[in-house]
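Residues per chain, in single letters:
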Amino acid sequence: MSDRTMDTVKQLSVRLASGEVSAVELAQDYLAKIQAANPALNAFVELNEAQTLIEARAADALRAAGQAGPLTGVPIAHKDIFCQTGWHARCGSKMLENFAAPYDAGLIERARAAGLVTLGRTNMDEFAMGSTNESSHYGVVHNPWQLDAVPGGSSGGSAAAVAAGIAPAASGTDTGGSIRQPAAFCGITGIKPTYGIVSRWGMIAYASSLDQGGPMAHTAEDCALLLNAFAGFDTRDATSLERAPEDYTRALDAPLAGLRIGVPKEFFGEGMSDDVRAAVEAALATFRTLGATTVEVSLPRSGYAVPAYYVIAPAEASSNLNRFDGVRYGYRAPEYRDLNDMYAKTRAQGFGEEVKRRILIGTYVLSHGYYDAYYLQAQRVRRLIADDYRAAFRDCDLILGPTTPTVAYGIGDKADDPLSMYLGDIYTTSVNLAGLPGMSIPCGFGAGGLPAGLPIGLQIVGNYFDEARMLGAAHRFQQATDWHLRTPPGKPT
Ligand code: GLN
């Protein structure tokens, strides 16, 4: 095990409870680390020390009053996609440059109620469309393991901040992989819950039937603690699920003996790099030594996940992004002839290239004459993909495989080749299409410019509502390995 000290949410919770450190001291400590490291990373797009300290003082007051919970006073970074009073919500876009929401998103409300203290807002791909953070209007984020590599996306700012040790935890959202893929590229842990568990209210919509918020942190245990705070029914989100609250930490110490791990043969095909294959196979061997059994399963339609996703997600995005018209929110073109010209110029100037590409694709696949051929067909494929998972889960409890086909690549390497970037989402998108929970945990290092190489993520997919079991299996793995404890060079201590 690594002998470096690392601040996990759990450890900070213990230090806060013992009175060894106050929420204000912790916040100041992290803000200083952010000041030092953020210029090189560009992980945070907004900092507001006064606002952070208001929250930290409130957390200390709660503790003094004997009303602290396990997360009271723990600092967190929020993805710039969540509406939050006191902060801007720019969603990586010029369109929302001046937008500040007058209310808190459901996830933010719950984070506040748990006493989490906002350190700042993290950079992201514009409207969460992307896999590298290169589509952000606020500049690219650098991977802390190798500054000229991408951090992944769209929650790249959140992943880079946690990996660099300038935030112990962060929120993210995942429509086709945006929590899991940046977690993999940056060597951290992140979970996308079952669709409907975390409120989408006040989370700026990309593709509503796929979007789901969740936590990103160093460990599965931290993610379980954070999911306890984030999850819950919300009447303001029509797809929120009304279920009894559960404790996601309850299976952390469950032994792995008897756990049946399904390994989809389709996830080990062409396109997967050798370093990722070796690390995932070694992780599977570790699970076997911990008492789990592995069985081959098949997801025969998983090869259609990327094409189906890149029809459905843009279709929903083209509808969701209608509201950015220069009238109701954010940016408006400074000069225009009439109303239609104002709409056209506002959208031409306010949206970046990738967002425009998706709006065009979405409008096309929804248009009369193409709807049946593309959109309807993609929805049918979506159902078949969900059926494949249902069949596979008859033979196993969890499905394990790679999160991404390769480690992080260089900034600019795929910027001009959207198709090859989309193909990198091959293992993650099917999970969103099926609405299942998925997570990524560090499981090794591969190629890269550093002696240690760049991080590799292991993906764990569970059946609906099986987050506790997934987190438990991940926790057991993390007790037996130290990949999640490795820190990038230059991490502030
Ligand atoms: N990379 C995928 C996309 O660009 C996933 C993004 C996401 O999950 N928000 O659509």
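In what follows, the structure referred to is the one given above.
Residues numbered from 1 in each chain as written. Predicted model: local features only at pLDDT ≥ 70, side-chain atom pairs only at ≥ 80, totals over all residues. Heavy atoms only, no water.

**Student:** Which parts of the structure should I look at to understand the overall build of the chain?
**Tutor:** Summing up its helical and strand segments, the chain has 15 helices and eleven strands in all. Relative to the 2.2 N^0.38 estimate, which gives 23 Å for 493 residues, the radius of gyration of the chain is 21 Å and therefore close to what a compact globule would have. Across its three principal directions, the C-alpha atoms of the chain cover 65 × 55 × 45 Å. With 493 residues in all, the chain has 61% of them scored as buried. For the chain, long-range pairs separated by at least 24 residues make up 77% of all intrachain contacts whose partners lie at least 6 apart in sequence. On the chain, roughly 17,900 Å² of surface is accessible, and the fraction owed to carbon and sulfur atoms is 53%. (Helix = DSSP H or I, 4+ residues; strand = E, 2+ residues; numbered from the N terminus. Rg over C-alpha atoms; globule rule 2.2 N^0.38 Å. Buried < 20%, exposed > 50% of the residue type's maximum accessible area, 1.4 Å probe, protein only. Contact = heavy atoms within 4.5 Å. Areas by Shrake-Rupley, 256 points an atom, 1.4 Å probe, with all protein chains shown as cover.)

**Student:** Would you mind showing me how to read the environment of Ala474 here?
**Tutor:** Note on placement: Ala474 falls in helix H15 (residues 467–480). The spatial distance from the C-alpha of Ala474 to the C-alpha of Thr189 is 9.1 Å, given a sequence separation of 285 residues. Contacts of Ala474, omitting those with residues within four sequence positions, involve Ala220, Met439, Ile441 and Ile460.

**Student:** What is the right way to read a nonpolar patch on the surface from this model?
**Tutor:** A contiguous nonpolar patch, built from Tyr364, Tyr370 and Tyr374 and spanning about 290 Å² of accessible area, is present on the exposed surface. Looking at where Tyr364 falls in the secondary structure, it is placed in helix H11 (residues 353–366). Looking at Tyr364, the relative accessible area reads 39%, which means it is partly exposed. (Patch = residues over 30% accessible without salt bridge, like charges linked within 9 Å, V, L, I, M, F, W, Y side chains within 5 Å. Salt bridge = Lys/Arg side-chain N within 4 Å of Asp/Glu carboxyl O.)

**Student:** I tried to follow the site of the ligand on my own but got confused; where do I start?
**Tutor:** Taken together, 15 residues sit near the ligand, with Thr175, Gly176, Ser178, Tyr206 and Tyr309 positioned nearest. At a separation of 2.7 Å, an oxygen atom of the ligand approaches a polar side-chain atom of Tyr206. At 3.4 Å from an oxygen atom of the ligand is found a side-chain nitrogen or oxygen belonging to Tyr310. In the complex, 99% of the free accessible area of the ligand, which totals 300 Å², lies under the protein chains. (Near = heavy atom within 4 Å. Polar contact = N/O pair within 3.5 Å; in protein donor to acceptor, adjacent residues only side chain to side chain.)

**Student:** What should I look at first to understand the side chain of Asp104 in this one?
**Tutor:** Considering the arrangement of structural elements, one finds Asp104 in the loop between strand E2 (75–79) and helix H4 (106–113). When its relative accessible area of 12% is taken as the criterion, Asp104 is described as buried. A polar contact is formed between the side chain of Asp104 and the backbone nitrogen of Thr85, at a distance of 2.9 Å. Within the structure, the side chain of Asp104 is placed 2.6 Å from the side chain of Arg112, a separation counted as a polar contact. Residue contacts for Asp104: discarding those within four places in its chain leaves Cys83, Gln84, Thr85, Glu109, Arg112 and Trp201.

**Student:** Any chance you could explain the pairing of strand E11 (residues 455–462) here in plain terms?
**Tutor:** Along any regular strand, the residues point their side chains to alternate faces of the sheet. Taken across its eight residues, E11 has eight buried, putting it largely inside the fold. What you see with E11 is no split at all: Pro455, Gly457, Gln459 and Val461 on one side and Ile456, Leu458, Ile460 and Gly462 on the other are buried throughout. Pairing between strand E9 (residues 398–402) and E11: five bridges, direction antiparallel. Across the sheet, the residue bridging to Ile399 is Val461, located in E11. (Pairing = 2+ DSSP bridges.)

**Student:** Can you walk me through the packing of aromatic side chains in this structure?
**Tutor:** Aromatic rings considered in pairs are described by the distance between their centres and by the relative angle of their planes. Under the definition given, this model contains 18 aromatic pairs. Put simply, the rings of Phe99, Phe127, Phe324, Tyr329 and Phe351 touch in pairs and so form one group of aromatic residues. In this structure, Lys414 packs its charged tip against the face of Tyr409, placed 4.4 Å from the ring centre. (Phe/Tyr/Trp six-rings, centres within 6.5 Å; stacked < 30°, edge-to-face > 60°. Lys NZ or Arg CZ within 6 Å of the ring centre and 35° of its normal.)

**Student:** Just checking my understanding: could you explain the nonpolar core for this structure?
**Tutor:** General note: in soluble globular proteins, nonpolar side chains tend to be found buried as a group. Formed by 152 residues in total, the largest nonpolar core has its most connected members in Phe127, Tyr389 and Leu471. By residue number, the principal contributor to this core is helix H9 (residues 305–320), which donates ten residues. Setting aside residues no more than four positions away along its own chain, Tyr389 makes contact with Phe267, Leu299, Ile399, Ser430, Val431, Ala434, Leu436 and Val461. (Core = buried A, V, L, I, M, F, W, Y, C linked by side-chain atoms within 4.5 Å.)

**Student:** Sorry, what's going on with helix H10 (residues 339–350) here?
**Tutor:** Structurally, the α-helix is built with 3.6 residues per turn, so residues lying three or four positions apart point the same way. Helix length check: H10 (twelve residues) gives 16 Å between terminal C-alpha atoms against 16 Å at 1.5 Å per residue, within 8%. For H10, the complete set of buried residues consists of Asp341, Met342, Thr346, Arg347 and Gly350. If you follow the buried residues of H10, they end up packed against H11. (Expected span 1.5 Å × (residues − 1).)

**Student:** Is there a simple way to think about the environment of Val295 in this case?
**Tutor:** Relative to the helices and strands, Val295 is located in strand E8 (residues 293–297). Once the C-alpha coordinates of Val295 and Ile399 are considered, the two residues, 104 residues apart in sequence, prove to be 9.5 Å apart. The contacts of Val295, once residues within four sequence positions are left out, are Ile261, Gly262, Val263, Asp395 and Cys396.

**Student:** Looking at this structure, I do not really get the packing of helix H7 (residues 220–230) against H15. What am I missing?
**Tutor:** Working note: a packed helix pair is described by the angle between its axes plus the distance between those axes. Direction vectors running N to C along H7 and H15 enclose 155 degrees, while the axes themselves pass 8 Å from each other. Comparing their axes, H15 and H7 come out roughly antiparallel. Where H7 abuts H15, its residues Ala220, Glu221, Cys223, Ala224 and Leu227 lie against Glu467, Leu471, Ala474, His475 and Gln478. (Axes fitted to C-alpha atoms, helices over the stretch in contact; angles between N-to-C directions. Parallel < 35°, antiparallel > 145°, perpendicular 65-115°, else oblique.)

**Student:** Would you take a moment to explain the pattern of salt bridges for this structure?
**Tutor:** Pairing of side chains with opposite charge becomes possible as their charged atoms draw close. The tally for this structure, following the rule as stated, stands at 25 salt bridges. A salt bridge links Asp341 to Arg337; the shortest N-O distance between them is 3.6 Å. Asp341 gets classed as buried once you look at its relative accessible area, which sits at 10%. Note that Asp482 is salt-bridged to Arg486, the shortest N-O span being 3.2 Å. For Asp482, a relative accessible area of 15% gives the class buried. The network of salt bridges with common partners includes Asp7, Arg15, Glu20 and Lys33.

**Student:** Please clarify how the packing of H11 against helix H12 (residues 371–392) should be interpreted in this entry.
**Tutor:** Put simply, H11 and H12 touch, their axes get as near as 7 Å, and they point 105 degrees apart. Considering the angle they form, H11 stands roughly perpendicular to H12. Seen from H11, the contacting residues are Tyr364, Val365 and Leu366; seen from H12, they are Tyr371, Tyr374 and Tyr375. Tallied by class, residues from the contact of H11 with H12 come to six nonpolar, no polar and no charged. (Nonpolar A, V, L, I, M, F, W, Y, C, P; charged D, E, K, R; others polar.)

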